[in-house]
Amino acid sequence: MVKVITYGTYDLFHHGHIKLLERAKKLGDYLIVGVTAEDFDKTRGKINVQQHLEDRIAAVRATGLADKIIVEEYEGQKIDDIKRYDVDIFTVGSDWVGYFDYLNEYCKVVYLPRTEGVSSTEIRSKMSALRLGLVGYAPFLKKFYHESKYVNTVRVVGVCAPSLETVVGLRKEVELYTDEYDVLLESVDAVYLHSHPHTHFKECKKALMKGKHVLCESPVAMTVAEYEDLIYTAKENKCIFMEAIRTAYITAFSRMLLLLKGGKIGKIVSVDATCTSLTSEENVIGSKKWGALEAWGPTALLPVFQILGTEYDRMNVFWLKGEMSSDIYTKLDFAYPEAVATIKAGTGVKSEGELIVSGTKGYVYVPAPWWKTDYFEIRYENPADNKRYFYQLEGEGIRHELVELANAVRNGKPDFFISRQVTKGITRAMEECFSKRA
Ligand code: CTP
């Protein structure tokens, strides 16, 4: 029996894919198709893949041409697969000529003619991109704009900031608006808000009322009542309303959460998260300045609420007042029925920005800066049992946040990275802190 293997992403399955699989099948008696997993694609720069793995597998299966379907997850896997499945022929389309010659050592390599005039990339580029407006703190918007270029389902068309000096270089590429938020709203499908937290509610509401989707930095509102108003407005206007905490979209972080849910460190008893940065002009918008809690609170609260839930019994607030801002350092302690948590947020203060999750069998250690990490460790009593986990970090989570925004708009339902409950929990904690401090 001649065994043939071929690999691909098979996004938005098209007739070029079918032709390739038909030709591959004819090369032998048994066809194995490797479908590339999202993570592996990300490391190869294919961030725009539209369909999730199971949908792409289903499309390959539906052709009835594959005798076996496997998932390609890591660099070098092809050699392993060829040996494991005793493969005689490796084949791919002619766009890869020469690239896989190194596999000749293990089996025969055949490059099949590629079907002219069709590709997933082309189909994706024809799907209309979401027109996005960026609003708020200019230097960060510039970074956000550059990250958006990696995502072809989103196109930034305008930037609206109180001071445009830092984004002036973008003038040739996008429209710039100084204080004309309403004008910007007219020419976009969605907005990304990185403005002062106290203005979020007004800006979100205005956009949603006009039927524009919203991706808003956290906290999305300063009170739970405002948050609920926004959720209601989004629903009424059939809009996607997403909270933007980019850490949630970082592969290492989301994998860590999955491992914790799987019981890797036993029952979780404590979550301790610290986020600090030295004060800089960056935190100033006009005369308003982000306090430590406004700047870092939501990010630090994310692992606490994602791991322990939002139903805490008690929260204690300790804070140091700043000269220009509301606080320079805030510490929050949470008591849960069977766990505790602490977050520390500082601007103008430097500390070790680590995350530690303690359990009854071991603990997770995420080194500084944990909120943009590519690495974490699970440590046990016996150091020989410790395990290190590494993942690729691209764009600090911004690219994936944008991919999820575009997907959510297309599917008409929010993504699952940050649940409504967590967003509400963050808003509630912020409201409680600010009222305790007043
Ligand atoms: N393929 C083909 N003819 C096409 C497109 C793809 O023969 N018009 C082949 C590729 O050579 C590969 C397999 O189909 O062997 C899976 O390719 P994949 O990369 O998933 O599809 P593309 O359409 O090339 O995707 P992209 O544009 O994202 O690179």
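Everything here concerns the structure above.
In this text the structure is predicted, and so the values were computed from the model without any measurement.

Trainee: Report on the overall build of the protein, specifying residues and quantitative values.
Mentor: Counting its secondary structure elements, the protein contains 13 helices and 21 strands. Since a compact globule built from 438 residues should have a radius of gyration of about 22 Å, the 24 Å found for the protein is in line with a globular shape. Here the protein, with 438 residues, has 54% of them falling under the buried criterion. Of the contacts made within the protein by residues no fewer than 6 positions apart, 67% connect residues no fewer than 24 positions apart.

Trainee: Which residues make up unusual backbone geometry, and what are the values?
Mentor: Each neighbour pair has its own omega, and for S218 with P219 the value is 0°, a cis peptide bond. Looking at the secondary structure, you find P219 in the loop between β10 (213-217) and α9 (224-236). The phi dihedral of L12 falls on the positive side, at around 50°, and the residue is not glycine. The backbone phi angle of D86 is positive, close to 55°, even though this residue is not glycine. Structurally, the position occupied by D86 is in the loop between α4 (77-84) and β4 (89-93).

Trainee: Summarise the site of the ligand; cite the residues concerned and give the values.
Mentor: Neighbouring residues of the ligand: 19 residues in total, closest D95, T115, V118, S120 and T121. Note that an oxygen atom of the ligand is positioned 2.9 Å from one of the backbone N or O atoms of T9. Separating an oxygen atom of the ligand from a backbone N or O atom of Y10 is a distance of 2.9 Å. The protein chains hide 93% of the 570 Å² of surface that the ligand would expose on its own. Going through the elements one at a time, α1 (15-26), β4 and α5 (120-126) are the ones with two or more residues in the shell around the ligand.

Trainee: Explain the sheet that holds strand β3 (residues 68-72) to me, using residue names and the numbers behind them.
Mentor: Strand order in the open sheet made by the five strands is β3-β2-β1-β4-β5, with parallel pairing throughout. Looking along the sheet, the strands with just one partner apiece sit at the ends: β3 and β5 (108-112). Strand-to-strand twist in this sheet, taken as the mean axis angle between neighbours without regard to direction, amounts to 25°. Here strand β2 (residues 30-36) pairs with β3 via five bridges, running parallel. Counterpart to V35 in the pairing with β3 is V71. Sitting on the sheet, α1 touches β1 (3-8), β2, β4 and β5, and the angle it makes with β2 is about 145°. Packing of helix α3 (residues 53-62) onto the sheet brings it into contact with β2 and β3, and relative to β2 it is tilted by some 160°.

Trainee: Report on the sheet that holds β10, specifying residues and quantitative values.
Mentor: Sheet architecture is open: six strands sit in the order β8-β7-β6-β9-β10-β11, paired in parallel fashion. One side of each edge strand has no neighbouring strand; the edge strands of this open sheet are β8 (175-177) and β11 (241-244). Recorded for the sheet is a direction-independent mean angle of 25° between the axes of neighbouring strands. Relative to β10, strand β9 (residues 190-194) runs parallel, the two sharing four bridges. If you follow V191 over to β10, its bridge partner there is V214.

Trainee: Lay out the state of the cysteines in plain terms, naming residues and giving numbers.
Mentor: What we call a disulfide is simply a covalent bond connecting the sulfur atoms of a pair of cysteines. Evaluated as defined, the whole model comprises zero disulfides. Between C239, a free cysteine, and C204, which holds the nearest cysteine sulfur, the sulfur-to-sulfur gap is 11 Å. Looking at C239, the relative accessible area reads 9%, which means it is buried.

Trainee: Please provide a residue-by-residue account of the pattern of salt bridges, values included.
Mentor: Counted under the stated rule, the structure contains 20 salt bridges. Beyond isolated ion pairs, a larger network of salt bridges with shared partners links D182, E186, K206 and K210.

Trainee: I'd like to hear about helix α12 (residues 398-411), residue by residue, with values.
Mentor: Look at α12: 20 Å from first C-alpha to last across 14 residues, which is about the 20 Å you get at 1.5 Å a residue. Burial analysis of α12 places 11 of its 14 residues in the buried class, which makes it a mostly covered element. Listed as buried for α12 are I398, R399, H400, E401, L402, V403, E404, L405, A406, N407 and A408. Just downstream of α12 lies G412, where phi reads positive at about 70°.

Trainee: A description of the pairing of strand β17 (residues 340-347) should follow, citing residues and the corresponding values.
Mentor: Most of β17 sits inside the fold, with six of its eight residues counted as buried. As consecutive antiparallel partners, strand β16 (residues 329-335) and β17 are separated by four residues.

Trainee: If you had to explain the packing of aromatic side chains to someone new, which residues and values would you point to?
Mentor: Applying the stated criterion to the full structure yields 22 aromatic pairs. An angle of 75° between the planes, with centres 5.0 Å apart, marks the rings of Y99 and F100 as edge-to-face. Overall, the relative accessible area of 54% leaves Y99 in the exposed class. Centroid distance Y312 to F334: 4.9 Å. Interplanar angle 70°. Geometry classified as edge-to-face. Taken as a pair, Y312 in the loop between α11 (292-308) and β15 (314-320) and F334 in strand β16 lie far apart in primary sequence, 22 residues in all. For the pair shown, Y312 and F334 are each scored as buried.

The rules we used
- Residues numbered from 1 in each chain as written.
- Predicted model: local features only at pLDDT ≥ 70, side-chain atom pairs only at ≥ 80, totals over all residues.
- Heavy atoms only, no water.
- Helix = DSSP H or I, 4+ residues; strand = E, 2+ residues; numbered from the N terminus.
- Rg over C-alpha atoms; globule rule 2.2 N^0.38 Å.
- Buried < 20%, exposed > 50% of the residue type's maximum accessible area, 1.4 Å probe, protein only.
- Contact = heavy atoms within 4.5 Å.
- Near = heavy atom within 4 Å.
- Polar contact = N/O pair within 3.5 Å; in protein donor to acceptor, adjacent residues only side chain to side chain.
- Areas by Shrake-Rupley, 256 points an atom, 1.4 Å probe, with all protein chains shown as cover.
- Pairing = 2+ DSSP bridges.
- Axes fitted to C-alpha atoms, helices over the stretch in contact; angles between N-to-C directions.
- Disulfide = S-S within 2.5 Å.
- Salt bridge = Lys/Arg side-chain N within 4 Å of Asp/Glu carboxyl O.
- Expected span 1.5 Å × (residues − 1).
- Phe/Tyr/Trp six-rings, centres within 6.5 Å; stacked < 30°, edge-to-face > 60°.

Keep in mind these numbers describe shape, not what the thing actually does.
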